[in-house]
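Overview (structure and organization)
Okay, here's what each chain looks like letter by letter:
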Amino acid sequence: MGDGRNQQTQTRYLQNGAYMRLKNLRIFASAENVWTITSLPQGYDPETAYSAYTGNNSGKAYPLGTTVSLGLNITF
């Protein structure tokens, strides 16, 4: 029976293999109905204003909403 020196745990050649990597990063923006130039009075939407095809549309309607979207996608 020996003294057990050959059975001790060995850590001399172990290395820490932990890491973190950022693989993909996507930043995006989108906007709809942001700006309109028209000579019509305030409150008239040029898309719904009087047309020879519709005949009687007054042009007054609820204004189109402005939509702005921002986003960030991260993949590890």
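In what follows, the structure referred to is the one given above.
Below: a short report on this structure.

Calculation rules
- Residues numbered from 1 in each chain as written.
- Predicted model: local features only at pLDDT ≥ 70, side-chain atom pairs only at ≥ 80, totals over all residues.
- Heavy atoms only, no water.
- Helix = DSSP H or I, 4+ residues; strand = E, 2+ residues; numbered from the N terminus.
- Contact = heavy atoms within 4.5 Å.
- Areas by Shrake-Rupley, 256 points an atom, 1.4 Å probe, with all protein chains shown as cover.
- Patch = residues over 30% accessible without salt bridge, like charges linked within 9 Å, V, L, I, M, F, W, Y side chains within 5 Å.
- Salt bridge = Lys/Arg side-chain N within 4 Å of Asp/Glu carboxyl O.
- Buried < 20%, exposed > 50% of the residue type's maximum accessible area, 1.4 Å probe, protein only.

Let us now look at the overall build of the chain. Counting secondary structure elements, the chain contains zero helices and two strands. Sequence separation of 24 or more characterises 65% of the internal contacts of the chain that already satisfy a separation of 6 or more. Carbon and sulfur atoms make up 51% of the accessible area of the chain, which totals about 7900 Å².

We note that Asn33 has phi near 55°; this positive angle belongs to a residue other than glycine. Of note, Asn33 is situated in the loop between β1 (24-32) and β2 (67-75).

With that settled, consider a nonpolar patch on the surface. Taken together, the side chains of Met20, Leu22, Leu25, Ile27, Leu72, Ile74 and Phe76 present a nonpolar region at the surface, about 830 Å² in accessible area. Sorting the residues of the nonpolar patch by element identifies β1 and β2 as the ones contributing at least two each. Looking at the secondary structure, you find Ile27 in strand β1.

This next bit is on the environment of Pro46. Within the secondary structure, Pro46 sits in the loop between β1 and β2. Counting along the chain gives 10 residues from Pro46 to Thr36, while the straight-line C-alpha distance between them is 8.8 Å. Excluding residues that lie within four positions of it along the chain, Pro46 makes contacts with Thr36, Thr38 and Leu40.

Of note, Ala29 is situated in strand β1. Accessibility expressed as a relative area gives 62% for Ala29, which makes it exposed. Spatially, the C-alpha atom of Ala29 lies 4.5 Å from that of Leu70, the residues being 41 residues apart in sequence. In this structure, Ala29 is in contact with Ser69 and Leu70, ignoring residues within four places of it in sequence.

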